[in-house]
Amino acid sequence: MSRALCARFARRTLHSLPRAPYDGLPVTTQPRPLVHGRSLSKADNSLSGTFSVQSTRFSTRARATAAASDDCVLEPWPTSNKPIEEAFTPPASWYTRSDVLRLEETNVFQRTWQCVGRVDQVANPGDYFTGSVLRTRFVVVRGSDNVVRGFHNVCRHHAAAVACGAGKADNFQCPYHGWTYALDGRLSKATRLAGIKNFKAKDYGLVPIQVEIWGSFVFAYLGGVTGEEATPPSVSEWFGEAGRVLVDAGAHDPLRHVRTKVYEVNCNWKVVCDNYLDGGYHVPIAHPALADGLDMASYRNTLLPNASLQTSAATDSGEDSSSRLGDAAVYAFVYPNIMINRYGPWMDTNIVFPITADRCRVVFDYFLDPSHPSASDPTWVESSLADSHQVQVEDTQLCEEVQMGLDSPAYGAGRYAPTVEGPMLHFHQQLHQSLTQEA
């Protein structure tokens with residue numbers, strides 16, 4: 001959304017909250033709208049009627065998929081089905097070409113659950129937040145009926161966004177021509193439509209997006225624009241055994257959200273995933289302080305259908321330890337871009353979103369067990385967050401160096417370290433399956 005439109009929103013704003021961290025804009029404060037409007041009446045050209053959410057009649061998903069398929073000739077990965085001892089990594093072109101990213105948008109990001117926000121952001125009726133994943137802009141809102149819903153943040157009139165940032169609203173009014181939508185997506189007001197034909201208000205509500213809540217998080221399934229796609233598995237089914245392990249490790253405990261931090265990294269989104277999935281291979285070299293807190297000899301990898309787990313005992317243990325790692329650490333990766341880490345009294349999530357072929361945004365959310373003895377000590381909390389930040393600084397430098405190497409004419413593909421990099425190969429094989437499946 002343009003700054004001018006956000007400013008226009010602000011002039012009508014009565015209440016506002018800090019910006020949703022998942023919004024696809026730089027990490028700056030921006031205005032939040034709260035808009036009020038009237039219900040449709042005869043004075044509004046008699047557009048009232050029973051509301052039913054209708055998907056757009058034009059096959060936008062099919063159109064985008066066809067465009068991606070036509071434009072992208074994916075470089076083959078000849079060793080995709082080889083054992084790790086024989087396999088090469090995918091071609092470097094998968095990490096550098098914008099047409100591959102367009103294919104990933106339709107075949108990966110629109111066909112998997114995306115973690116788009118937190119439940120506390122929509123705690124009360126009227127609370128909403130906005131965001132984007134590549135070209136898909138969305139708004140998530142809790143309705144007056146207490147149901148959390150998601151919609152494409154696109155006015156059905158001339159395609160402007162109907163909401164900006166995060167806040168509390170009675171409804172959403174497009175800042176362009178004033179079309180107004182109820183919190184359940186229903187078109188409730190549209191003026192100056194005298195003479196229009198073949199138009200029913202119930203067919204022009206906001207296009208819905210499937211959303212589900214898992215623990216503290218809101219997930220969205222961004223596909224299904226045409227209404228023709230099969231119903232996806234639930235988030236719990238998608239997580240599978242990884243979800244059960246995380247719940248056992250305390251992922252659904254009543255943790256307190258402490259902070260959100262966003263990093264923009266000059267690399268392809270998959271480089272960040274690969275870095276996470278090398279089975280701790282780089283930790284002793286790149287993160288010496290972190291390695292000191294982990295018993296690297298105990299590090300183990302587990303591969304699951306849509307996920308992988310990395311676990312390690314910690315060198316320090318006990319609730320009263322000054323170490324943030326506690327007794328053990330569980331690092332879970334859920335395809336395609338979700339990382340959930342549970343260690344000691346902490347849990348953090350790292351969600352990586354592509355921006356361009358060589359740039360991505362990584363959203364970190366930190367949660368803390370409020371019953372931990374040090375949870376009320378701001379010095380300890382800030383020290384723990386600083387330790388995590390140092391790891392991210394080190395990883396960012398590595399990932400950006402890797403991206404430059406992937407662009408080099410000297411590099412075509414690499415190899416896997418068989419004893420540790422199974423999770424990375426597993427991710428690449430899932431990605432290959434997604435990219436080569438039929439539209």
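## Things to note about the environment of Phe129
Then step 1. With respect to the helices and strands, the residue Phe129 is situated in strand E2 (residues 127–133).
Then step 2. Exposure remark for Phe129: the relative accessible area of 0% places this residue in the buried category.
Then step 3. Considered as a pair, Phe129 and Ala166 are 37 residues apart in the sequence and their alpha carbons are 4.1 Å apart.

## Details of the pairing of strand E15 (residues 338–343)
Then step 1. Counting buried residues in E15 gives 6 out of 6 residues, a clear majority hidden from the surface.
Then step 2. Here E15 shows no split at all, with Ile338, Ile340 and Arg342 on one side and Met339, Asn341 and Tyr343 on the other all buried.
Then step 3. By the bridge criterion, 6 bridges tie strand E14 (residues 328–334) to E15 in an arrangement that is antiparallel. Residue pairing across strands places Val334 opposite Ile338, the latter belonging to E15.
Then step 4. Taking the residues that link successive antiparallel strands as the turn, the E14-E15 hairpin has 3 residues.
Then step 5. As defined by bridge partners, E15 adjoins strand E16 (residues 346–356) across 6 bridges and the pair is classed as antiparallel. Across the sheet, Tyr343 pairs through a bridge with Trp346, a residue of E16.
Then step 6. In this antiparallel pair of consecutive strands, E15 and E16, the connection spans 2 residues, and Gly344 shows a positive phi of 50 degrees.

## Some points on the environment of Ser144
Then step 1. Following the sequence through the fold, Ser144 ends up in the loop between strand E3 (136–142) and strand E4 (148–152).
Then step 2. Residue Ser144 is classed as exposed on the basis of its relative accessible area, which comes to 73%.
Then step 3. Along the chain, Ser144 and Asn124 lie 20 residues apart, while their C-alpha atoms are 8.6 Å from each other.
Then step 4. Ignoring sequence-local partners within four residues, the contact set of Ser144 consists of Pro125 and Leu183.

## Observations regarding the packing of aromatic side chains
Then step 1. Applying the stated criterion across every chain yields a total of 16 aromatic pairs.
Then step 2. Here the aromatic rings of Trp214 and Phe239 are separated by 4.5 Å at their centres, their planes lie at 35 degrees, and the arrangement is tilted. Taken as a pair, Trp214 in strand E9 (residues 208–214) and Phe239 in helix H4 (residues 235–239) lie far apart in primary sequence, 25 residues in all.
Then step 3. The buried category is assigned to Trp214, whose relative accessible area is 5%.
Then step 4. Ring geometry for Tyr276 versus Phe333: centroids 6.4 Å apart, planes at 40 degrees, classification tilted. Here Tyr276 is found in helix H6 (residues 269–276), whereas its partner Phe333 is found in strand E14, with 57 residues between them in sequence. Across the pair, exposure class does not vary: Tyr276 and Phe333 are buried alike.
Then step 5. Among the aromatic residues, those joined into a ring-pair cluster are Phe109, Trp269, Tyr276, Phe333, Tyr335 and Phe427.
Then step 6. Residue placement shows Lys261 over the ring face of Tyr263; its charged tip is 5.6 Å from the ring centre.

## Focus: the pairing of E3
Walk down a regular strand and you will see the side chains alternate between the two sheet faces.
Then step 1. In terms of burial, E3 is largely enclosed, as 6 of its 7 residues are buried.
Then step 2. Bridge count between E2 and E3: 6 bridges; the pairing is antiparallel. Bridge assignment links Gly131 to a residue of E3, and that residue is Phe138.
Then step 3. Linkage of E2 to E3, two consecutive antiparallel strands, is achieved through a turn of 2 residues, within which Leu134 is found at a positive phi near 55 degrees.

## Overview of unusual backbone geometry
Then step 1. With omega at 5 degrees, the peptide bond leading from Tyr335 into Pro336 counts as cis.
Then step 2. Within the element layout of this structure, Pro336 appears in the loop between E14 and E15.
Then step 3. Even without being a glycine, Leu134 presents a positive backbone phi close to 55 degrees.
Then step 4. Mapped onto the elements of the fold, Leu134 is located in the loop between E2 and E3.
Then step 5. Positive phi, normally seen in glycine, also occurs at Asn146, with a value near 75 degrees.
Then step 6. Note that Asn146 resides in the loop between E3 and E4.
Then step 7. On the accessibility criterion, Asn146 (45% relative accessible area) is partly exposed.

What counts, and where the lines are drawn
Residues numbered from 1 in each chain as written. Predicted model: local features only at pLDDT ≥ 70, side-chain atom pairs only at ≥ 80, totals over all residues. Heavy atoms only, no water. Helix = DSSP H or I, 4+ residues; strand = E, 2+ residues; numbered from the N terminus. Buried < 20%, exposed > 50% of the residue type's maximum accessible area, 1.4 Å probe, protein only. Pairing = 2+ DSSP bridges. Contact = heavy atoms within 4.5 Å. Phe/Tyr/Trp six-rings, centres within 6.5 Å; stacked < 30°, edge-to-face > 60°. Lys NZ or Arg CZ within 6 Å of the ring centre and 35° of its normal.

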